[in-house]
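# Chain and residue survey
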Amino acid sequence: MSGKKISLADWQQQLGRPAEAATAASDDLVYSTDSGRIDKPKPQKAVAQSFSDGHARLRRETKGRNGKAVITISGLAESTETLAEIAALLKKKCGCGGSVKDGVIEIQGDQRELVQQELTKLGYKHKWAGG
């Protein structure tokens, strides 16, 4: 055995493994003595998907919510921050709670008319979906 030191990539090549195997191990690095903890960048959340006709879909849902009505608004092709602003405006106008989940705005309660009026004021075309 020789006392010669070789790099990890060279050693991987001698074993017949691709050199990418050495770099893949460095991608899993969580701590370095030089710079401390290494955090991986979080992926950006995608913009909400819109429907082909350009209309937002308003639905009244009660399934899985113990019979309580929720208005969901999907199909607004906006960024997550813009959806949060729209949801905050709708919650304030309706006087109720709500949230934004996976590009869908949820407004608590059966506030159909108020939600419809506010979306029209904001310039969004919409359709009622579901039963």
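For the structure itself, look to the data block above.
Heads up: these notes are all about the structure in this document. (Residues numbered from 1 in each chain as written. Predicted model: local features only at pLDDT ≥ 70, side-chain atom pairs only at ≥ 80, totals over all residues. Heavy atoms only, no water.)

### Observations regarding the pattern of salt bridges
A full pass over the atoms with the stated rule returns eight salt bridges. Arg65 serves as the salt-bridge partner of Glu106, at 3.7 Å between the closest nitrogen and oxygen. Taken together, the positions of Glu106 in strand E6 (residues 104-108) and Arg65 in the loop between strand E3 (56-61) and strand E4 (70-74) put the pair 41 residues apart, joining distant regions of the chain. By relative accessible area, which is 14% here, Glu106 ends up buried. Owing to a relative accessible area of 25%, Arg65 belongs among the partly exposed residues under this scheme. Via salt bridges that share partners, Glu61, Arg65, Lys101 and Glu106 belong to a single interconnected network. (Salt bridge = Lys/Arg side-chain N within 4 Å of Asp/Glu carboxyl O. Helix = DSSP H or I, 4+ residues; strand = E, 2+ residues; numbered from the N terminus. Buried < 20%, exposed > 50% of the residue type's maximum accessible area, 1.4 Å probe, protein only.)

### Re the sheet that holds E6
The five strands are arranged E5-E6-E4-E3-E7 in an open sheet whose pairing can be described as mixed. Edge strands, defined here as strands with exactly one partner in the open sheet, are strand E5 (98-101) and strand E7 (126-128). Across the sheet, the axes of successive neighbouring strands diverge by a mean angle of 20 degrees, strand direction being ignored. Relative to E6, E5 runs antiparallel, the two sharing four bridges. Following the sheet pairing, Lys101 is matched in E6 by Val104. (Pairing = 2+ DSSP bridges. Axes fitted to C-alpha atoms, helices over the stretch in contact; angles between N-to-C directions.)

### Notes on the environment of Gln49
When you line up the elements, Gln49 lands in the loop between strand E2 (36-37) and E3. Gln49 sits 53 residues away from Asp102 along the chain, and the two C-alpha atoms are 9.7 Å apart. Excluding anything up to four places from it in sequence, Gln49 contacts Gly75 and Leu76. (Contact = heavy atoms within 4.5 Å.)

### Quick word on unusual backbone geometry
Most peptide bonds take the trans configuration, and most residues that are not glycine carry a negative phi. A positive phi angle, near 55 degrees, is found at Asn66, a position not held by glycine. Structurally, Asn66 is set in the loop between E3 and E4. With a phi close to 55 degrees, Asp102 is a non-glycine residue in the positive phi region. Examined against the element boundaries, Asp102 turns out to sit in the loop between E5 and E6. Residue Asp102 is classed as exposed on the basis of its relative accessible area of 82%.

### Things to note about the state of the cysteines
Applying the stated rule across the entire model yields zero disulfides. For Cys94, which is in no disulfide, the shortest distance to another cysteine sulfur is to Cys96 and amounts to 4.7 Å. Here Cys94 falls in the buried class, since its relative accessible area comes to 10%. (Disulfide = S-S within 2.5 Å.)

### Let's talk about helix H3 (residues 80-94)
In this model, H3 (15 residues) spans 21 Å end to end at C-alpha, consistent with the 21 Å of a helix rising 1.5 Å per residue. What H3 keeps buried is the set Leu83, Ile86, Ala87, Leu90 and Cys94. Down the axis, H3 shows its buried residues gathered within 100 degrees of arc, on one side only. What points out from H3, more than 90 degrees from its buried face, is the exposed set Glu81, Glu85 and Lys92. Those residues of H3 that are buried lie in contact with E4, E5, E6 and helix H4 (112-122). One or two residues past the end of H3 sits Gly95, with phi positive at roughly 70 degrees. (Expected span 1.5 Å × (residues − 1). Arc of directions from axis to C-beta.)

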